[in-house]
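Overview (structure and organization)
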Amino acid sequence: MTSVTDWESNLAKLGVTLPPVVAPVAAYIPAIRTGSLVYTSGQLPMADGQLTVAGKVGAEVSTEQAKDAAQLCALNALAAVHDLVGLDAVVRVVKVVGFVASAPGYNDQPIVINGASEFLGEVFGDAGVHARSAVGVSELPKNTPVEVEIIVEVR
């Protein structure tokens, strides 16, 4: 069992603050709890209500830009978790699923989604180690290059 850590203070040490929850763009809610798990909806790299980068990775968007976008997606997912249950209720990150809008022939999706995984590791330490999928797709909503959803265990 992982001891409880003040995850918000870890964010502060990283110089990051939780943004407001991104408003849904369709018929869904940002996060839902069932039992001891919270599932987030797919989060886009939005800041201040705007998509921060657009296009296909491997064409208009570089791997490094997409990796940064994946980190922002993970931050937005944490904001959704925090809004629902409070970030300090998180026991561990269980799974990350990342989608990468990929140009033909692009196959570094795992590197892109490392942006989310590494960030969650910095916030949660050993409790941030998780199962993961990194999937290349032809299109994502709003021409975003990346979308990330997370599942966390909570107290």
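Everything below is about the structure printed above this text.
So, here is what we can say about the structure in this document. Keep in mind that what you see is a predicted model, and the values were worked out from it rather than measured.

**A word on the side chain of Asn76**
- If you trace the backbone, Asn76 turns up in helix 2 (residues 63-85).
- For Asn76, the side chain forms a polar contact with the main-chain oxygen of Leu44, separated by 3.0 Å.
- Setting aside chain neighbours within four positions, we find Asn76 in contact with Pro19, Val22, Gln43, Leu44, Pro45 and Met46.

**A short note on the sheet that holds strand 1 (residues 31-34)**
- Read from one edge of the open sheet, 5 strands run 1-2-7-5-6, paired in mixed fashion. Of all strands in the sheet, those bounded by a partner on one side alone are strand 1 and strand 6 (131-137). Ignoring which end each strand starts from, the neighbouring axes of this sheet average 15° apart.
- Pairing between strand 2 (residues 37-40) and strand 7 (residues 146-154): 3 bridges, direction antiparallel. Note that in strand 7 the partner of Tyr39 across the bridge is Ile151.
- Sheet strands in contact with helix 2 are strand 1, strand 2, strand 5 (90-101) and strand 7, and its direction is about 40° off that of strand 7.
- In this fold helix 3 (residues 109-124) packs onto strand 5, strand 6 and strand 7, with an angle of close to 160° to the strand it touches most, strand 5.

**Examining the layout of surface pockets**
- Each pocket or cavity is described by its volume, and for the largest pocket that value is around 190 Å³.
- Lining the largest pocket are Pro19, Pro20, Val22, Ala23, Pro24, Val25, Met46, Ala47, Asp48, Gly49, Leu72 and Asn76.
- Looking at the lining of the largest pocket, the elements that each hand over two or more residues are strand 3 (46-47) and helix 2.
- Here the lining of the largest pocket is composed, by residue class, of 9 nonpolar, 2 polar and 1 charged.

**Remarks on the packing of helix 2 against helix 3**
- For the pair helix 2 and helix 3, the least separation of the axes is 7 Å and the interaxial angle reads 45°. Considering their axes alone, helix 2 and helix 3 lie oblique with respect to each other. For the crossing formed where helix 2 meets helix 3, the hand is right-handed. Counting all contacts with helix 2, which are made through Thr63, Ala66, Lys67, Ala70, Gln71, Ala74, Leu75 and Leu78, the residues of helix 3 involved are Ile111, Val112, Ile113, Asn114, Gly115, Ala116, Glu118, Phe119, Leu120, Val123 and Phe124.
- Partitioned by chemical class, the residues of the contact of helix 2 with helix 3 number 13 nonpolar, 4 polar and 2 charged.

Criteria and cut-off values
Residues numbered from 1 in each chain as written. Predicted model: local features only at pLDDT ≥ 70, side-chain atom pairs only at ≥ 80, totals over all residues. Heavy atoms only, no water. Helix = DSSP H or I, 4+ residues; strand = E, 2+ residues; numbered from the N terminus. Polar contact = N/O pair within 3.5 Å; in protein donor to acceptor, adjacent residues only side chain to side chain. Contact = heavy atoms within 4.5 Å. Pairing = 2+ DSSP bridges. Axes fitted to C-alpha atoms, helices over the stretch in contact; angles between N-to-C directions. 1 Å grid on protein atoms, 1.4 Å probe; cavity = no way out; pocket = protein on both sides within 12 Å on 5 of 7 lines; lining within 4 Å. Points joined across faces, edges and corners; volume = space filled by probe spheres on them. Nonpolar A, V, L, I, M, F, W, Y, C, P; charged D, E, K, R; others polar. Parallel < 35°, antiparallel > 145°, perpendicular 65-115°, else oblique. Left-handed = near helix turned anticlockwise from the far one by under 90°.

Function-wise, these values are silent; they only describe arrangement.
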